[in-house]
Number of protein chains: 2
Amino acid sequence: MDARHLNLTQQLVHELGRSILKGKYKVGGKLPSEAELGEIYDISRNATREAVKMLTAKGLISSRPRKGIQVADQNKWNLFDTDVLGWILVGKPDLYMLRHFMQLRQPVEAQAAYLAAQYATAEDFDNIEQALSNMQLAEVNNDAEATHHADVKFHKAVLNATKNPFFIQLENFIEIALKVNLRYTNRIKPVTELEYQAHADLFAAIKKGEAAKAYEFAMSTQSATLKLVDEAITRSESEA
Amino acid sequence: MDARHLNLTQQLVHELGRSILKGKYKVGGKLPSEAELGEIYDISRNATREAVKMLTAKGLISSRPRKGIQVADQNKWNLFDTDVLGWILVGKPDLYMLRHFMQLRQPVEAQAAYLAAQYATAEDFDNIEQALSNMQLAEVNNDAEATHHADVKFHKAVLNATKNPFFIQLENFIEIALKVNLRYTNRIKPVTELEYQAHADLFAAIKKGEAAKAYEFAMSTQSATLKLVDEAITRSESEA
DNA sequence: TAATTTTTTTAATAACATTATTATAAACCT
DNA sequence: AGGTTTATAATAATGTTATTAAAAAAATTA
């Protein structure tokens, strides 16, 4: 799991980041002091301090003299940070989390499709098309992993085509959203067919520059998934 | 400008962050080495290193042995980080940047309104309503600053009402978007009337739980602004 | 109760040793 | 000779240790 090529600081950042998102350290609760952390993980205080600073920069913790290091309020967390998103996966994403992802993903994907139809270049078309053919191939071979991979690539390519740095930045968000989705796919969406066709239709609209149409395609696809998630939640709540 | 209560590390973080977003250090270009930075800003190497780590955590720079500290690719920047967003303002946001903001803001606000209509609590209603009355008062008094302040508060209250951490996190994004907007308001939108009414209509829909209606209200408001920005860009491009 | 002292913890500096990376040059093979 | 591999040296970050300063909470005292 842990890449050994990471330097000590980054190793500790990931260790603590994961721990916080797993709930080992509670929101508002205290972490061990600098000295103690250094002791526990057997690294110097300076390396420890650097890790603390990095986590502070990501909004996960705050550290003040005499108060020590404490987990910050969740609304301070930089949820769009690649690392933090990754740690969410390591944590315990549930159906509610999946809904949160989908609630944002829906309008983002739709608008991205709209913008892509307006701003995509020939290179973007190539990228999207390649992801698409990979997806088709993977589906024919019934290769779930390859399908997922192509899916991620497709959506990233669309985001890239928007030429909007905010949407491009959301690549990470979409990637993690897809991973969380994957985790629940069996439960909420038994049928994985027709995935390719929906993506192909979206691409066709983008390539023709039909922004409104692309928007509607993306919107309805995401809307369908969101509906499934809502239903799954309703189901699980009625069971309990 | 610089708050003196910030510690040295944070002061340097802001100094360098602003410099990078102002373009003083170009993307892919090199910053002074750790030792040099310490020399320049007259702080120790440890404090410098901590600042470098924080900026690394925000995706602005990367530092590797022998290569030195260099400005990372823009697509690595954590654009949704509060600090980074703030530094964008200090930089030179132009109409294109405003468009980028609006392109994302539009669907986010619309979806937020939709979700708020579903999930808002009595407390949320109070918060939104209070912002609304502040806005009305400010408009009557022709107090631009107070209007802006109430505007920010209104949109933050709506985002909060979604109960979705991702939307709540986007408070910063919306706040900066509004500030960038404000900077261009005179140029792109000479008439600032009817602001209150649009917000009041949106709140009414949210309070009645009419999600689809709230969505449409927000969408059309944002759409109108985006259109104005698009037109302003077309105008300025035809002039040049 | 209010002011003061103590104690804990981070903030900051300094000096030093290590490791990783890259450019350069030397050696080595066709 | 030309190209490839292999040492080597230079550079800059990485990491450690030690010490002092400042801040803030808690305990003590007037």
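Summarised in this report is the structure supplied together with it. (Residues numbered from 1 in each chain as written. Chains lettered and ligands numbered in written order. Predicted model: local features only at pLDDT ≥ 70, side-chain atom pairs only at ≥ 80, totals over all residues. Heavy atoms only, no water.)

In the superposition of chain B on chain A (RMSD 0.1 Å, axial shift 0.1 Å), the rotation amounts to 180 degrees. Here the copies are linked by what is in effect a two-fold axis. Of the residues that chain B buries at the interface, 98% are likewise interface residues in chain A, meaning the two copies contact each other through the same surface. (Least-squares fit on C-alpha atoms with pLDDT ≥ 70 in both. Contact = heavy atoms within 4.5 Å.)

The next thing to look at is unusual backbone geometry. Across the chain, the bulk of peptide bonds are trans and the bulk of non-glycine residues have phi less than zero. All names here are of chain A. Non-glycine residue Asn-142 carries a positive phi angle of around 60 degrees. Looking at the element boundaries, Asn-142 is found in the loop between helix 6 (122–140) and helix 7 (144–161). Judged by its relative accessible area of 71%, Asn-142 falls in the exposed class. (Helix = DSSP H or I, 4+ residues; strand = E, 2+ residues; numbered from the N terminus. Buried < 20%, exposed > 50% of the residue type's maximum accessible area, 1.4 Å probe, protein only.)

This brings us to the interface of chain B and chain A. On the side of chain A, 41 residues touch chain B, which itself brings 42 residues to the contact. Carbon and sulfur atoms supply 60% of the area buried between chain B and chain A, which totals about 3,600 Å² over both sides. The interface formed by chain B and chain A holds two salt bridges in total. Between Arg49(B) and Glu50(A) there is a salt bridge, and its shortest N-O distance comes to 2.7 Å. The interface formed by chain B and chain A holds 21 residue pairs in polar contact (both at pLDDT 80 or more) in total. (Buried area = accessible area lost by both parts, 1.4 Å probe. Salt bridge = Lys/Arg side-chain N within 4 Å of Asp/Glu carboxyl O. Polar contact = N/O pair within 3.5 Å; in protein donor to acceptor, adjacent residues only side chain to side chain.)

This paragraph deals with the side chain of Gln169(A). Secondary-structure assignment places Gln169(A) in helix 8 (residues 165–169). Look at Gln169(A) and you get buried, because its relative accessible area is 3%. In terms of polar contacts, Gln169(A) uses its side chain to reach the backbone carbonyl oxygen of Trp77(B), at 2.9 Å. With residues up to four places along the chain from it excluded, the contact list for Gln169(A) reads Gln74(B), Asn75(B), Lys76(B), Trp77(B), Asn78(B), Leu79(B) and Phe80(B).

Turning our attention to the pairing of strand 2 (residues 68–71) of chain A. Residue and element names in this part refer to chain A. As defined by bridge partners, strand 1 (residues 61–64) adjoins strand 2 across four bridges and the pair is classed as antiparallel. By the bridge assignment for strand 2, Arg-64 is matched with Gly-68. The turn joining strand 1 and strand 2, which pair antiparallel and follow one another in sequence, is formed by three residues; a positive phi near 75 degrees is taken by Arg-66. (Pairing = 2+ DSSP bridges.)

Take the environment of Ile174(A) next. All names here are of chain A. In this fold, Ile-174 is placed in helix 9 (residues 171–188). Between the C-alpha atom of Ile-174 and that of Phe-101, which follows or precedes it by 73 residues, the distance is 8.3 Å. Once you skip the residues sitting within four places of it in the chain, Ile-174 turns out to touch Arg-105, Val-108, Glu-109, His-155 and Leu-159.

The subject of this paragraph is the protein's contact with DNA strand D. With respect to spatial proximity, 21 residues lie near DNA strand D, and among them Leu8(A), Ser44(A), Asn46(A), Arg64(A) and Arg45(B) are the closest. Taking all atoms of DNA strand D within 4 Å of the protein, the share assigned to sugar and phosphate is 69%. Glu34(B) is positioned with one of its backbone polar atoms (N or O) 3.4 Å from a phosphate oxygen of DNA strand D. Ser63(B) has a polar backbone atom sitting 3.4 Å from a phosphate oxygen of DNA strand D. (Near = heavy atom within 4 Å.)

With that out of the way, let us pick up helix 3 (residues 45–57) of chain B. For an α-helix, the turn length of 3.6 residues means that residues three or four places apart are oriented alike. Residue and element names in this part refer to chain B. Compared with an ideal rise of 1.5 Å per residue, which puts 13 residues at 18 Å, helix 3 spans 18 Å between its outermost C-alpha atoms and is within 8% of the ideal. The complete set of buried residues in helix 3 reads Ala-47, Thr-48, Glu-50, Ala-51, Val-52, Lys-53, Met-54, Leu-55 and Ala-57. In the stretch just after helix 3, Gly-59 is the one whose phi turns positive, near 80 degrees. (Expected span 1.5 Å × (residues − 1).)

On their own, these measurements won't tell you what the molecule is for.
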